[in-house]
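Working through the structure, step by step
Letter by letter, the chains look like this.
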Amino acid sequence: MMIRINPEVQKALDHNQPVVALESTIISHGMPYPQNVKTALEVEGILREKGVVPATIGIIDGVGVVGMTPEEIEEFGKRQGIIKVSRRDLPVIMAKKLWGATTVATTMIFAAKAGIEVFVTGGVGGVHRGAQETFDISADLQELAHTNVTVICAGAKAILDLPLTLEYLETFGVPVLGYKTKELAAFYTRTSGLMVDYQMDSEKEIAEAILAKREMGLDGGVLVTNPIPEEYAMNKEEMDIAINSAIEEMNKQGVHGKDSTPFLLAKIKELTGGKSLDSNVQLVFNNARVGAQVAIELCQLRGK
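Everything quoted here is computed from the prediction, not taken from an experiment. By convention here, each chain's residues receive numbers from 1 onward along its written sequence. Owing to the predicted nature of the model, reporting of local features is limited to residues with pLDDT of at least 70; listing and counting of side-chain atom pairs is limited to 80 or more, with chain, interface and lining totals taken over all residues. The side-chain quantities take in all heavy atoms of the structure and omit both hydrogens and water.

Observations concerning the overall build of the protein
Quick reminder of the rule: Each helix is a run of DSSP H or I of at least 4 residues and each strand a run of E of at least 2, with the numbering of both proceeding from the N terminus. Just to be clear, the radius of gyration here is over C-alpha atoms, and the globule rule we use is 2.2 Å times residues to the power 0.38. For every residue, the accessible area obtained with a 1.4 Å probe (protein chains only) is divided by the maximum for its type, and the residue is called buried under 20%, exposed over 50%, and partly exposed between those limits. For the accessible areas, the method is Shrake-Rupley and the probe is 1.4 Å, while residue cover comes only from the protein chains on display. His is not counted, nor are the chain ends, whereas Lys and Arg count as positive and Asp and Glu as negative. For this purpose, a charge sits on NZ of Lys, CZ of Arg, CG of Asp or CD of Glu.
Looking only at helices and strands, the protein features 13 helices and 11 strands. For the protein, the C-alpha radius of gyration of 18 Å lies close to 19 Å, the compact-globule estimate for 304 residues. Considering only C-alpha atoms, the protein reaches an extent of 50 × 40 × 35 Å along its principal axes. Across the 304 residues that make up the protein, the buried fraction comes to 57%. Of the roughly 13,200 Å² that the protein leaves accessible, carbon and sulfur atoms contribute 52%. Charge centroids of the protein, computed over 30 positive and 39 negative side chains, lie 4 Å from each other.

Remarks on the packing of aromatic side chains
Put simply, the rule is: We call Phe, Tyr and Trp rings a pair once their centres come within 6.5 Å, taking the six-membered ring for Trp, and we label the pair stacked below 30 degrees between planes, edge-to-face above 60, and tilted otherwise. Criterion for a charge above a ring: Lys NZ or Arg CZ within 6 Å of the ring centre, and within 35 degrees of the ring normal.
Counted by the stated rule, this structure contains 3 aromatic pairs. It is R79 that lies over the ring of W99; its NZ or CZ is 4.0 Å from the centre.

Topic: the pairing of strand β11 (residues 222-225)
Rule in force here: Any two strands with at least two DSSP-identified bridges between them are counted as paired.
Alternating positions in β11 separate into two faces, V222 and V224 on one and L223 and T225 on the other, with burial throughout. Relative to β11, strand β8 (residues 150-153) is paired through 4 bridges, and the arrangement is parallel. The residue of β11 that forms the bridge with C153 is T225. Note that strand β9 (residues 176-179) and β11 share 3 bridges and pair parallel. Looking at the pairing, L177 lines up with V224 of β11.

Here we look at the pairing of strand β2 (residues 19-22)
Neither face of β2 is left uncovered, since the one carrying V19 and A21 and the one carrying V20 and L22 both have all their residues buried. Of the pairings in the sheet, the one linking β2 to strand β3 (residues 53-60) comprises 4 bridges and is parallel in character. Looking at the pairing, L22 lines up with T56 of β3.

Considering the layout of surface pockets
Applied cut-off: Buriedness of a pocket was judged along seven lines, with at least five required to meet protein on both sides within 12 Å; pockets are open sets of points on a 1 Å grid over the protein atoms alone, cavities are sets where a 1.4 Å probe fits but cannot get out, and lining residues have an atom within 4 Å of a point. Grid points are joined across faces, edges and corners, and a volume is the space filled by probe spheres set on the points. For this classification, the nonpolar set comprises Ala, Val, Leu, Ile, Met, Phe, Trp, Tyr, Cys and Pro, the charged set comprises Asp, Glu, Lys and Arg, and every other residue, Gly included, is treated as polar.
As a volume, the largest pocket reaches approximately 640 Å³. Of all the secondary-structure elements, those providing two or more residues to the lining of the largest pocket are α2 (25-28), α8 (139-146), α12 (260-271) and α13 (275-302). Broken down by element, the lining of the largest pocket gets its largest block of residues, 4 residues, from α12. Residues of the lining of the largest pocket, tallied by class, amount to 8 nonpolar, 16 polar and 9 charged.

What about the pattern of salt bridges?
The cut-off we apply is this: Criterion for a salt bridge: a side-chain nitrogen of Lys or Arg within 4 Å of a carboxyl oxygen of Asp or Glu.
Taken as a whole and judged by the stated rule, the model has 11 salt bridges. Across the pair E117 and R302 runs a salt bridge whose closest N-O atoms are separated by 3.9 Å. Here E117, found in the loop between α6 (104-114) and β7 (118-120), pairs with R302, found in helix α13; they are 185 residues apart in sequence, far enough to count as distant. Residue K267 pairs with E270 through a salt bridge whose shortest N-O separation is 3.3 Å. Linking K267 with E270, this pair stays in helix α12, spanning 3 residues, or about one helical turn. What makes E270 exposed here is its relative accessible area of 55%. Salt bridges here are not isolated pairs; linked through shared partners, they connect E117, R214 and R302.

Considerations on the environment of E230
Among the structural elements, E230 can be located in the loop between β11 and α11 (236-253). According to the relative accessible area criterion, E230 is exposed, its value standing at 57%. Counting along the chain gives 40 residues from E230 to R190, while the straight-line C-alpha distance between them is 7.3 Å.

Regarding α11
Formally: Multiplying 1.5 Å by the residue count of a helix minus one yields the expected span of that helix. As used here, the arc is the angular range of directions from the helix axis to the C-beta atoms. The criterion used for residue contact is that any of the two residues' heavy atoms lie within 4.5 Å. Any pair of N or O atoms that falls within 3.5 Å is considered a polar contact. Within protein, one atom must be able to donate a hydrogen and the other to accept it, and sequence-neighbouring residues count only if both atoms are side-chain atoms.
Taking 1.5 Å as the rise per residue, α11 with 18 residues should run 26 Å; its terminal C-alpha atoms sit 26 Å apart, in good agreement. Among all positions in α11, only M239, A242, I243, A246, I247 and M250 are buried. Viewed end-on, α11 has its buried residues packed into an arc of 135°, placing them on one side of the element. Opposite the buried face of α11, by more than 90 degrees, sit the exposed residues E237, I241, E248, N251 and K252. Structurally, α11 contributes buried residues whose contacts are with α12. Between a side-chain oxygen at the N-terminus of α11 and the backbone nitrogen of E237 the separation is 3.0 Å; the capping residue is N235. Phi turns positive one or two residues past the end of α11, at G254, with a value near 75°.

Observations regarding the packing of α11 against α12
When two helices pack together, their arrangement is captured by the angle between the axes and the distance separating the axes. What counts is decided by this rule: Under this scheme, a helix contributes an axis fitted over its contacting stretch, all axes are lines through C-alpha atoms, and angles between N-to-C directions fall in the 0 to 180 degree range. When describing relative orientation, an angle under 35 degrees is termed roughly parallel and one over 145 degrees roughly antiparallel, while 65 to 115 degrees is termed roughly perpendicular and anything else oblique. Each crossing is labelled by how the near helix is turned from the far one, with a counterclockwise turn of less than a right angle marking it left-handed and a clockwise turn marking it right-handed.
Viewed as axis vectors pointing N to C, α11 and α12 meet at an angle of 130°, and their least axial separation amounts to 9 Å. Classified by the angle their axes make, α11 and α12 are oblique. Along this stretch, α11 crosses α12, giving a crossing that reads as right-handed. Contacts between α11 and α12 pair M239, A242, I243, S245, A246, I247, E249, M250 and Q253 from the former with S260, F263, L264, K267, I268 and L271 from the latter.

If you want it as structure tokens, here you go:
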């Protein structure tokens, strides 16, 4: 058995009830224990309050679990050495029956296989700064190009080259939608100076666009960027200084590939005195509220 779907999740899917997928990298690599478990369960709670079934996805003993139990999430949060798994890692992790934390890319893969359309995360990966020389581009973007899942996020992580990330998404035909904004959200900050493809003023509008894409048979994801709430947003100048300093340190230490994002996020947390982690938690909560409503609207449209 390669995938195990929680019976509650399967029942909701069978009856056209809203389900939202959640990733597990944020648990194992995003923040320390016990805050990681507390945050994961709080995100699930936000979804449940809105009548949406949460499906936290992770790999346990080589099996993709779609809808981890609270006990499994607790173990995920405490367990040391869980591997961060992207598409290329999946065959080996599953064959060796290891534990793995799903990135945006792998969460999308399992969500699509289970039939879950809406996935809520913090921020997506993208084109890294200096990619013209390094070719360092997140597998998240290729997954968005090919896998039929809608990703609700607070934009691409601000540590990335955001203009090139948008260019890449355009090339592969991924619609980039702004929830009540014309501007691309930049994770810790609400603005980036870059325009999204379309501003969407309600969750229903987003659901209608998703449904149109699916009915047209256009494969690939939809990226919805939802700005962090004003009261939790970081100062852009302060963040730019912290990010540039973190990137300089990363290059000095020779960190690259899948280790780069966790390194940079940890360094930025240190440089901002922990404020960036608080912002990270709040933007995920905010994305969960929007994602829940998009999933609800989608079910209602499909039920007509």
